[in-house]
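The chain contents come next:
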Amino acid sequence: MTEKIIGIDLGTTNSEVAVVENGRVTVIDITPGHPILPSFVGLADDGSILVGEPAKNQYVLYPERTIKSIKRRMGSADRVELGNTSYSPQEISAIILRQLKSIAETYLGESVHKAVITVPAYFSDAQRQATREAGEIAGLEVMRIINEPTAAALSYEANHQDHKKVLVYDLGGGTFDVSVVGIQDNVVEVLASHGNNHLGGDDFDAKIVARLVEHLQKQGADPTTSRKAMARITRAAENAKIALSDQPYVRIEEEYLLDKAGTPVNLSLELARHDYEAMIHGYIDETLEAVHIALKGAHLTVSDIDEVLLVGGATRTPVITERLEADLSLTVRAEVNPDLCVAAGAAIQAGMLAGESVSAVLVDITPYTFGTSALSDRNGIPYPFTYVPIIHKNTPIPVTKSEVFYTVMDHQEAVKVDIYQGEDADALNNIELGEFMVENLSKVPSGNPIVLQLSLDLNGIMNVTAREKNTGLEKSITINNVLTRFQEGELQTARDRVDALFAGEENFLAKPAANAAASDHQLTVQAQALVEKAERLLDRAAADDREEMINLMESIKDALSEEDIDALAEPVAALSDILFYLES
């Protein structure tokens, strides 16, 4: 009997698991009639693990021991606290994956060891690698990592055989992607993608939360001083957002939210849909701009698009359909379940890998340009950080590309290779993924050719090789950013820790965070890199932002000089936010 491979949509807000059986996709129920698992992890009163709805329910009362939206931290060096223990984003995601694996095993009546997992199309190499690691920690061999819009289009193609160009607009809880997809002769090909992996329904919620906080502050009550009050407000905001998908108004009410001088403070506010839509207007504008960037990347115009497919629960907001139809002059298709189609597409890909009878063939692309830096003239001055793209954005993968570079000095014995991800002509304004040295080169005159090869596989993981052409001397690495990857031995440690949670072999609260010194070192390196990046971008900031950036940089430098690791977190997070919006 063929071993089953499951498909998993590991979402920011919700996650699902699906499988192909007898040529048909089944999205497996988490509880009877409910196939959606909230992406929440928490601790119960007795220290036992909670995953999904129970963790989400307790978030209102115990936000300090509940974690949500961990997907937004994937690929970062962040640590999250759960009880008295610090965990990486990979470990928390692994707990969710472990729960989905268990649910699938119960449904199928057999063990499950392999999975296809989806990620946003705009996830970076670091974030894709972190997702793979989360799967491995959960005890799954990750057979393929595919883009969420690709999976949605694959799900759509399972029931549609026409030749067409489809726009996949994917707005989930924490990420946004838009992809232009070609469907022809049972082949699903992503032609171009664009998006923002920090934009989604959570940001819509935050706008409502800000309105509710402002309303209470005008009454002389400040809920921001109470984590439990803010958790209740956040849950109320999410419920209001959902209600406004079907209703023009919603009344938001929370009794005894705060205590003010012995008097209960209640929240009662009516929110109109048009006011809510005005709050998120800027976000919708950003997504529509991304639509046209994706179209340009595919070398198509609006008139070339046959259909628009909506993916992600946040697309249920009516204004999104209205704006898309007005902008594209197309009727948005509504028959696809936006919450489940990504998991279904992952299951179709999993079924194909398992040898099941499925119709579509998957062709994927890279949403980023990858390259290196080299010496060139800039305004008549030699500049060593000119960005040289090697694998261009929207290139079908898997792909291998090479470029030749030359030494600049006689008898040059070593070259440093830096690998970047991004689109800026200045390599320093892009994201550095890794670096390595090629040493013991031949002692020959300048102009010694060095061939740099980048190979990107279907999971978005890159292998880099630099080879001295004349001798065959080479050095190879798999991109492994120390800020975002598990080091040797850490993956097994993380797997053991997550295994123990489910096996009951140790108390979840008893074990201190592993490798605390390494984590401190990672945060220190991250902070130093952040300050260097901020200094490069300082001239692009407005006066107010520039002043705040300088103050935050000074705070980070002071904390580094005093080796006060605890003092780094707040200014690092604040400076990261400013740089993110500045670059956007």
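Residues numbered from 1 in each chain as written. Predicted model: local features only at pLDDT ≥ 70, side-chain atom pairs only at ≥ 80, totals over all residues. Heavy atoms only, no water.

The next subject is a negative patch on the surface. Taken together, the side chains of Glu554, Asp558, Glu562, Asp564 and Asp566 present a region of like negative charge at the surface. For aspartate 564, the position within the fold is in the loop between helix 13 (543-561) and helix 14 (569-583). Residue aspartate 564 is classed as partly exposed on the basis of its relative accessible area of 31%. (Patch = residues over 30% accessible without salt bridge, like charges linked within 9 Å, V, L, I, M, F, W, Y side chains within 5 Å. Areas by Shrake-Rupley, 256 points an atom, 1.4 Å probe, with all protein chains shown as cover. Salt bridge = Lys/Arg side-chain N within 4 Å of Asp/Glu carboxyl O. Lys, Arg positive; Asp, Glu negative; His and termini not counted. Charge placed at Lys NZ, Arg CZ, Asp CG, Glu CD. Helix = DSSP H or I, 4+ residues; strand = E, 2+ residues; numbered from the N terminus. Buried < 20%, exposed > 50% of the residue type's maximum accessible area, 1.4 Å probe, protein only.)

By definition, the strands of a sheet pair up through backbone hydrogen bonds, in either a parallel or an antiparallel sense. As summarised here, the arrangement of the 3 strands in space is 6-5-7, forming an open sheet in which the pairing is antiparallel. The sheet terminates laterally at strand 6 (49-51) and strand 7 (66-68), the two strands that pair on one side only. The mean inter-strand angle of the sheet, taken between neighbouring strand axes irrespective of direction, is 15 degrees. Taken strand by strand, helix 2 (residues 89-108) contacts strand 5 (40-43), strand 6 and strand 7, and its axis lies near 70 degrees from that of strand 6. (Pairing = 2+ DSSP bridges. Axes fitted to C-alpha atoms, helices over the stretch in contact; angles between N-to-C directions. Contact = heavy atoms within 4.5 Å.)

This part covers helix 3 (residues 125-137). Across its 13 residues, helix 3 extends 18 Å between first and last C-alpha, which sits within 8% of the 18 Å expected from 1.5 Å per residue. Here helix 3 lies mainly inside the structure; 12 of its 13 residues are buried. Of the positions making up helix 3, those classed as buried are Asp125, Ala126, Gln127, Arg128, Gln129, Ala130, Thr131, Arg132, Glu133, Ala134, Gly135 and Ile137. Just past helix 3, the residue glycine 139 takes up positive phi, approximately 90 degrees. (Expected span 1.5 Å × (residues − 1).)

Across the 7 residues that make up strand 11 (residues 141-147), a large majority, 5, are buried. Across 6 bridges, strand 10 (residues 114-119) lies against strand 11 in parallel orientation. Paired with valine 116 across the strands is arginine 144, a residue of strand 11. Since strand 10 and strand 11 lie parallel, the crossover through helix 3 that links them has a hand, and here it is right-handed. (Right-handed = clockwise from strand over helix to strand, strands pointing away.)

Once that is clear, we can look at the packing of aromatic side chains. Each pair of aromatic rings is reported with the distance of its centres and the angle of its planes. A complete count under the given rule lists 6 aromatic pairs for this structure. Between the aromatic rings of tyrosine 169 and phenylalanine 176, the centroid separation amounts to 5.1 Å while the plane-to-plane angle is 65 degrees, which identifies the pairing as edge-to-face. The same class applies to tyrosine 169 and to phenylalanine 176, which are both buried. Ring geometry for tyrosine 383 and phenylalanine 385: centres 5.9 Å apart, planes at 70 degrees, overall edge-to-face. Given the relative accessible area of 28%, phenylalanine 385 is considered partly exposed. Directly above the aromatic system of tyrosine 62 lies the positively charged group of arginine 65, at a separation of 3.9 Å from the ring centroid. Sitting over the ring of phenylalanine 123, lysine 71 keeps its end group 5.9 Å from the ring centre. (Phe/Tyr/Trp six-rings, centres within 6.5 Å; stacked < 30°, edge-to-face > 60°. Lys NZ or Arg CZ within 6 Å of the ring centre and 35° of its normal.)

Within the open sheet, the 4 strands sit side by side as 23-26-27-28. Their pairing is antiparallel. This sheet does not close on itself; its edge strands, each paired only once, are strand 23 (399-406) and strand 28 (474-478). When strand polarity is set aside, the average angle formed by the axes of neighbouring strands in this sheet is 15 degrees. Bridge count for strand 27 (residues 462-468) against strand 28 is 5 bridges, and the pairing is antiparallel. Within strand 28, the residue paired with alanine 466 across the bridge is lysine 475.

Quick look at the layout of surface pockets now. Of the volumes computed, that of the second largest pocket is approximately 690 Å³. The wall of the second largest pocket is formed by 37 residues, among which Thr13, Asn14, Gly313, Ala314 and Asp339 lie closest to the centre. Mapped by element, the contributors of at least two residues to the lining of the second largest pocket are strand 2 (14-21), helix 1 (53-59), helix 5 (201-218) and helix 6 (227-243). Here the residues of the lining of the second largest pocket sort into 8 nonpolar, 15 polar and 14 charged. (1 Å grid on protein atoms, 1.4 Å probe; cavity = no way out; pocket = protein on both sides within 12 Å on 5 of 7 lines; lining within 4 Å. Points joined across faces, edges and corners; volume = space filled by probe spheres on them. Nonpolar A, V, L, I, M, F, W, Y, C, P; charged D, E, K, R; others polar.)

Quick look at unusual backbone geometry now. With a phi close to 55 degrees, alanine 261 is a non-glycine residue in the positive phi region. Under the relative-accessibility criterion, alanine 261 is labelled exposed at 82%. One non-glycine residue, histidine 299, lies in positive phi territory at about 60 degrees. Assignment of secondary structure puts histidine 299 in the loop between helix 8 (281-297) and strand 17 (307-311).

With that settled, the discussion passes to the pattern of salt bridges. Pairs can form between side chains of opposite charge once their charged atoms are near each other. Enumeration over the complete set of coordinates arrives at 16 salt bridges. Residue lysine 114 pairs with glutamate 3 through a salt bridge whose shortest N-O separation is 3.6 Å. Within this pair, whereas lysine 114 is found in strand 10, its partner glutamate 3 is found in the segment before strand 1 (5-9), the two being separated by 111 residues in sequence. When its relative accessible area of 22% is taken as the criterion, lysine 114 is described as partly exposed. Taken together, the shared-partner salt bridges in this structure form one network comprising Lys416, Asp418 and Glu435.

Turning next to the packing of helix 2 against helix 3. Where helix 2 contacts helix 3, the axes come no closer than 8 Å and their chain directions differ by 55 degrees. When the interaxial angle is binned, helix 2 and helix 3 end up oblique. At the point where helix 2 passes helix 3, the crossing takes the right-handed sense. Here Gln90, Glu91, Ser93, Ala94 and Leu97 of helix 2 lie close against helix 3, whose contacting residues are Ala130, Glu133, Ala134, Gly135 and Ile137. (Parallel < 35°, antiparallel > 145°, perpendicular 65-115°, else oblique. Left-handed = near helix turned anticlockwise from the far one by under 90°.)

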